[in-house]
Each structure stands twice: as C-alpha cells, then as structure tokens.
Amino acid sequence: MTSHDTPPAQRQRAILRIRFHPADRTDDLYGQMLAVCETISPRVEALPSDWSAYVDLSGALTYWNRDVEGLVAVLRLRLLALHGVQTSAGAGPTRAIAAMAAALTPPGAATVVPDTPYAIAAFLRPQPAAALPGTGPTTARTLTRYGITTVADIAGTPLPTLQRILGARPARQAHDLAHGTDDRPVVPAAAPQSLSSTHRFDHDELDPDRHHRAVLALTEDLGARLRENDEIAQGVTLTVTYADRTHTTRSRTLTEPTAHTPALTATTLKLLTGLGLQRARVRALTVRADRLRPAEHATRQLTLDDHDEKLHLLEAALDRARARYGPDTAGSAAALPVISPHTRGV
C-alpha cells in the first residue's frame, strides 16, 4: 500500500515501527541507529528488546515536505548508508497498525497503510485475530471457539458479546483496535541503560554443551562487570545469531534486581533451554543485562538457607582475585573451555 493519494498536510498522525537487522548487534550500534531516527523526528521511542523503535512522523511530514512513504524511505536509506544496516518498517495512523504492518514486512522492505477509512479497513479486516496487539494466542483460541477468527470478526461482534467472552477491558481494547482506534502516543525516551557481552564461535556451532558453556562465561563476565560498576540489572536478554545471520531474541525480568552471577546464569539458561537449539547452527551468543540501576537500590530477599550467602562471599573473593591477577584468573569450571567473551557493550 502507498500513501501518494493524500497530501502530508492533511495527515494528523503517522506512526512508524522500524526494525533494525544488523549482522552484529551491539548496544552502541543500537544507540547510533536511534540517533539517525532522531534526525528525522525527535519523537522516537526505543524498543531495545527486539531491536526496533517507534517514530512519530506526524510533525515531520510538513517539515520534510514528503508523504509517509517518502519519509520512511529517507530514514531507511540513511540507516543503510551510514551503518550498513538493513531495516524493515511498517507505518500507519496508529501504533497498532504500524506494529501490525511491521510484523508482516520482511527485511529490506516497508509497508505503509494510508490514513483513510477505506485503507485502514482493507488492511485490518483480513488479519487473523492473533495479529491484533494485545490479542495473543490464548485469547485468539478463546475467540476461535466462538467462530471469531479474524479482525473483521472482532470488529463485527457487538461489544457486549465480546465483553462476555473476554472481560470488559480486553474486549474494549480489541474492539477499538479492530476499528482502527488507538490513541496511544509515541513517548520519546532513550534506550534503558544496559550492558552486554558476546561470544562468537570459530565456526557454526551445533553442540548444545558449547552453547551452555558460552552462556556461563558470558553471565560470569556480565556479573563481574556489574559488580565492578556498582550496578544491578532488572532483566536479562539472550540473542542467538545463526549461520544465516538471522537472530532470535528472548528477554526475562529477574525475580529481583541483582548483579549476582548465579541469578543471572539461572535466568539466562532458562532462556537458552526454551529456545531448543539442539540442531541449530549457532554463529554467536549475546547476553545483555537490562535496565541497570545503582547497586545501592538493591534489595535482598531474606532466607533461612545460608547457601546463597556463601555464594555471595565466594563471588566477592573471586572478584578480588580477578581484580588483582586478571579477569581470566578464576571462574566456573564448566565455562573454562570457552574463550573469554569477544565483544563487550555498554
């Protein structure tokens, strides 16, 4: 779909969801790409968990004297020229439509939904119910039992009926989004501070044991750096880069903010196990500590088991040894066959 048939001045809202597809992911590169987006519009909302961002183009259309499709092309060309990064993009009059359009768009392409009632309905109505933001697989299965399988079905179902099926709030949200109503703004905000570490294998690695050992080494590195910086993380993200340069990313919030290596490792290994990489050809693994804050804000859950306290004391001793004799002096025996992390990011 294109947007040539309506002049930019008549457009009230134009929201872009853009995804970045670099060969190698680093926090520094992500920040640079956000900066490029800000040269087009100052209203940029970072979404680091899946390497994307929302950009509100509404006010920029008149400034650049371009329509939505043209301005999206300018931004994508700048990202490619300055950083060699391929992108996929979806744009439309609302956040929901932009997100849905982006989800349907492969790398190297863009989908623009014009801000007209006909174009909005033509885009939304054929989509499966699960494609609607906030309508996940579980909700979609519930709707399917009542014969509601598409966005058109949701739009055509009376609101009281939807409320009996889904509950008041979810039904209202689904009903509004199915009719193209979504007033949520793009909230400008920098990417939350994070710390990352990457291990690149010498060859495409199929051995799950080596994947496991690499994650151990990465979380040990992150834990030590967090403690050195007097910081704690509120979540972790695992990114797997495959032989064909595609990526899979999974994130999870920690039970409590921490810089404790065993806690970081346990959560990251759960993410790794959940990906089921038994036959995957893995090129690189990246672990990122998310939403950092000062360690003075940390709280520790009280426990009658002193095992965790002993682990903290051992960890402090190992940190002192590394500070005195070097970062490779001590660590998990299971991680020793893995070379120290190749790349560090802030």
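The notes below deal with the structure included here.

Conventions we followed
Residues numbered from 1 in each chain as written. Predicted model: local features only at pLDDT ≥ 70, side-chain atom pairs only at ≥ 80, totals over all residues. Heavy atoms only, no water. Axes fitted to C-alpha atoms, helices over the stretch in contact; angles between N-to-C directions. Helix = DSSP H or I, 4+ residues; strand = E, 2+ residues; numbered from the N terminus. Parallel < 35°, antiparallel > 145°, perpendicular 65-115°, else oblique. Left-handed = near helix turned anticlockwise from the far one by under 90°. Contact = heavy atoms within 4.5 Å. Nonpolar A, V, L, I, M, F, W, Y, C, P; charged D, E, K, R; others polar. Buried < 20%, exposed > 50% of the residue type's maximum accessible area, 1.4 Å probe, protein only. Polar contact = N/O pair within 3.5 Å; in protein donor to acceptor, adjacent residues only side chain to side chain.

1. Here we look at the packing of helix H8 (residues 159-166) against helix H9 (residues 168-178)
Line of reasoning, step 1. Contact pair H8 / H9: the axes reach a minimum separation of 7 Å and the direction vectors enclose 130°. The angle between H8 and H9 falls in the class oblique. The handedness of the crossing between H8 and H9 comes out as right-handed. Contacts between H8 and H9 involve Leu-159, Leu-162, Gln-163 and Leu-166 from the former and Ala-168, Pro-170, Ala-171, Arg-172 and His-175 from the latter.
Line of reasoning, step 2. Here the contact of H8 with H9 is composed, by residue class, of 6 nonpolar, 2 polar and 1 charged.

2. Digging into the side chain of Asp-204
Line of reasoning, step 1. Relative to the elements of secondary structure, Asp-204 occurs in strand S6 (residues 195-205).
Line of reasoning, step 2. Taking relative accessible area as the criterion, Asp-204 reaches 18% and is therefore assigned buried.
Line of reasoning, step 3. Within the structure, Asp-204 has its side chain in polar contact with the side chain of Arg-281 (distance 3.4 Å).
Line of reasoning, step 4. A polar side-chain atom of Asp-204 sits 2.6 Å from a polar atom in the side chain of Arg-283.
Line of reasoning, step 5. Among all residues touching Asp-204, those that are not within four sequence positions of it are Ala-243, Arg-281, Val-282 and Arg-283.

3. Some words on unusual backbone geometry
Line of reasoning, step 1. Of note, Asp-230 is a non-glycine position whose phi angle comes to about 55°, a positive value.
Line of reasoning, step 2. Tracing the chain through its elements places Asp-230 in the loop between helix H10 (208-228) and strand S7 (231-242).
Line of reasoning, step 3. With a phi close to 50°, Arg-291 is a non-glycine residue in the positive phi region.
Line of reasoning, step 4. Turning to its location among the elements, Arg-291 is positioned in the loop between strand S9 (282-290) and strand S10 (293-294).
Line of reasoning, step 5. For Arg-291, a relative accessible area of 33% corresponds to the partly exposed category.

4. Let's talk about the side chain of Thr-267
Line of reasoning, step 1. Position of Thr-267 among the secondary structure elements: in helix H11 (residues 261-275).
Line of reasoning, step 2. On the basis of relative accessibility, which here comes to 11%, the residue Thr-267 falls in the buried class.
Line of reasoning, step 3. A distance of 3.2 Å separates the side chain of Thr-267 from the backbone oxygen of Ala-263, its partner in a polar contact.
Line of reasoning, step 4. Sequence-distant contacts of Thr-267, defined by excluding residues within four places in its chain, comprise Val-236, Arg-252 and Leu-254.

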